[in-house]
Amino acid sequence: MASWLPETLFEIVGQGPAPSKDYYQLLVTRSQDWGLNLGLQNCKCSITGLHPQAFLKILVFRQGLAELPWLVSSLLSCCLSLWSSWNWVIFRWWKISLRSEYRSSKPGEIKETHEDFLENSHLQVQIALIFGARILDYVFNLCEGKFDFLERLSDGLLLSIISYLDLEDVARLSQTCRRFAKLCTSDMLWEQIVRSSCDTITSEMRALAQDIGWRQMFFTNKFQLQRQLRKRKQIQDSRREKKLL
């Protein structure tokens, strides 16, 4: 499941609290799990620059088989450190000021592994002050490996899933967050729902749905829908007559 994750797990930018005008960026990145799965074919030791198998052979030749447990432990530690070095919390800032002493200020950056970030209380306080406690909690969860895979699905795939829910469940889902509220009221979703509940969709119904929306059309009873279709047809006929005149 983790292989579905993008390299950039999270990114947010923003301005510091007033009166500061400084600009900040927070990135959380993650590599694939090839290090933990011991997919070592293409990796090299970060210390020696050697392929792990070659590194192990040299150590066995020099130290002897008696030291093999220690050698394996060292090798795994090296490989795991290489893996973890791909998992970063990156905090950047740009000084924005009209004061002359800050004109030559260069952008700053703090780069911590996920494990080190969890122990860096100073960086945590900075992130909470700039982006809020909710963002800090979210970054904490990412660094601890707690991912919300559902929110990382594309809108199209989520709409296909939501279209199979009962209407009561769609209403409840729309109250969970802004993204689901937008999806649950979108015309793309309600068009799928209308099509699944109607045997045929006429061109007049499609044209009416463009005017009032597929959701409104679904909740309109049959009598009102027929009346609106007749009214729309009358308006179109009158426009044609005026053009002929």
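Predicted model, so just to flag it, every value in this text is computed and none were measured. (Residues numbered from 1 in each chain as written. Predicted model: local features only at pLDDT ≥ 70, side-chain atom pairs only at ≥ 80, totals over all residues. Heavy atoms only, no water.)

**Structural notes on the nonpolar core**
Where a protein is soluble and globular, its nonpolar side chains tend to be buried together.
So, point 1. Within the largest apolar cluster, 19 residues are counted, with the highest numbers of intra-cluster contacts made by Phe 10, Leu 26, Phe 91, Phe 117, Ile 127, Phe 131 and Val 139.
So, point 2. For this core, the secondary-structure elements that each account for two or more residues are strand E1 (8-15), strand E2 (23-29), strand E3 (88-94), helix H4 (121-131) and helix H5 (133-143).
So, point 3. It is H5 that provides the largest number of residues to this core, a total of 5 residues.
So, point 4. Excluding residues that lie within four positions of it along the chain, Phe 117 makes contacts with Val 89, Glu 112, Leu 123, Gln 124, Ile 127, Leu 136, Val 139, Phe 140 and Cys 143. (Core = buried A, V, L, I, M, F, W, Y, C linked by side-chain atoms within 4.5 Å. Buried < 20%, exposed > 50% of the residue type's maximum accessible area, 1.4 Å probe, protein only. Helix = DSSP H or I, 4+ residues; strand = E, 2+ residues; numbered from the N terminus. Contact = heavy atoms within 4.5 Å.)

**Looking at helix H6 (residues 155-162)**
So, point 1. Residues Leu 158, Leu 159 and Ile 162 constitute the buried set of H6. Taken around the axis of H6, the buried residues stretch over an arc of 100°, which confines them to a single face.
So, point 2. Turning to H6, the residues buried within the fold contact helix H7 (167-173), helix H8 (178-184) and helix H9 (187-197). (Arc of directions from axis to C-beta.)

**Re the packing of H4 against H5**
So, point 1. Running from amino to carboxyl end, H4 crosses H5 at an angle of 135°, the nearest separation of the two axes being 7 Å. As judged from the angle between their axes, H4 and H5 are oblique. Between H4, through Gln 124, Ile 127, Ala 128 and Phe 131, and H5, the contact on the second element is made entirely by Ala 133, Ile 135, Leu 136 and Phe 140.
So, point 2. Within the contact of H4 with H5, the residues separate by chemical class into 7 nonpolar, 1 polar and no charged. (Axes fitted to C-alpha atoms, helices over the stretch in contact; angles between N-to-C directions. Parallel < 35°, antiparallel > 145°, perpendicular 65-115°, else oblique. Nonpolar A, V, L, I, M, F, W, Y, C, P; charged D, E, K, R; others polar.)

**As for the layout of surface pockets**
So, point 1. Computed from the structure, the second largest pocket encloses a volume of approximately 150 Å³.
So, point 2. Split into classes, the residues belonging to the lining of the second largest pocket amount to 3 nonpolar, no polar and 3 charged. (1 Å grid on protein atoms, 1.4 Å probe; cavity = no way out; pocket = protein on both sides within 12 Å on 5 of 7 lines; lining within 4 Å. Points joined across faces, edges and corners; volume = space filled by probe spheres on them.)

**Overview of the pairing of E3**
So, point 1. Where E2 lies against E3, 6 bridges are found, and the strand directions are antiparallel. Residue pairing for E3: Leu 27 is matched across the bridge by Ile 90.
So, point 2. For E3 and strand E4 (residues 108-113), the ladder comprises 6 bridges, and the chain directions are antiparallel. Directly across from Arg 92, in E4, lies its bridge partner Glu 109. (Pairing = 2+ DSSP bridges.)

**Some details on the packing of H6 against H9**
So, point 1. Contact geometry of H6 with H9 gives a least axis separation of 10 Å together with a crossing angle of 35°. Between H6 and H9 lies a crossing of right-handed hand. On H9, the residues touching Leu 159, Ser 160 and Ile 162 of H6 are Met 188, Leu 189 and Gln 192.
So, point 2. Within the contact of H6 with H9, the residues separate by chemical class into 4 nonpolar, 2 polar and no charged. (Left-handed = near helix turned anticlockwise from the far one by under 90°.)

**Focus on the sheet that holds E3**
So, point 1. On the basis of which strands lie adjacent, the open sheet formed by 4 strands has the order E1-E2-E3-E4 and antiparallel pairing. Lying at the two open borders of the sheet, with one neighbouring strand each, are E1 and E4. In this sheet, adjacent strand axes meet at a mean angle of 10° when their direction is disregarded.
So, point 2. Packed onto the sheet, H5 meets E1, E2 and E3 and runs at close to 160° relative to E1.

**Some words on the packing of aromatic side chains**
So, point 1. This model, assessed by the stated rule, comprises 5 aromatic pairs.
So, point 2. Consider the rings of Phe 10 and Tyr 138, whose centres lie 5.1 Å apart with planes at 70°: the pair is edge-to-face. Taken together, the residues Phe 10 in strand E1 and Tyr 138 in helix H5 connect sequence positions 128 residues apart.
So, point 3. Take Phe 10: its relative accessible area is 14%, and that puts it in the buried class.
So, point 4. Their ring planes at 40° and their centres at 5.8 Å tell us that Phe 91 and Trp 93 sit as a pair that is tilted. (Phe/Tyr/Trp six-rings, centres within 6.5 Å; stacked < 30°, edge-to-face > 60°.)

**Comments concerning the pattern of salt bridges**
So, point 1. With the rule as written, the count across this model stands at 7 salt bridges.
So, point 2. Across the salt bridge formed by Arg 179 and Asp 155, the nearest N and O atoms sit 2.7 Å from each other. Taken together, the residues span a long stretch of sequence, with Arg 179 in helix H8 and Asp 155 in helix H6 at a distance of 24 residues.
So, point 3. A salt bridge links Arg 172 to Asp 169, with the nearest nitrogen and oxygen atoms 3.1 Å apart. One end of the pair is Arg 172 and the other is Asp 169, both in helix H7 and 3 residues apart, which spans about a single turn. (Salt bridge = Lys/Arg side-chain N within 4 Å of Asp/Glu carboxyl O.)

**Side note on the side chain of His 114**
So, point 1. Along the chain, His 114 falls in helix H3 (residues 114-119).
So, point 2. Residue class for His 114 comes out buried when judged on its relative accessible area of 3%.
So, point 3. At a separation of 2.9 Å, a polar atom in the side chain of His 114 contacts the main-chain carbonyl oxygen of Thr 29.
So, point 4. Not counting residues within four places of it along the chain, the set of residues in contact with His 114 comprises Leu 9, Val 28, Thr 29, Asn 87, Trp 88, Val 89, Leu 142 and Cys 143. (Polar contact = N/O pair within 3.5 Å; in protein donor to acceptor, adjacent residues only side chain to side chain.)

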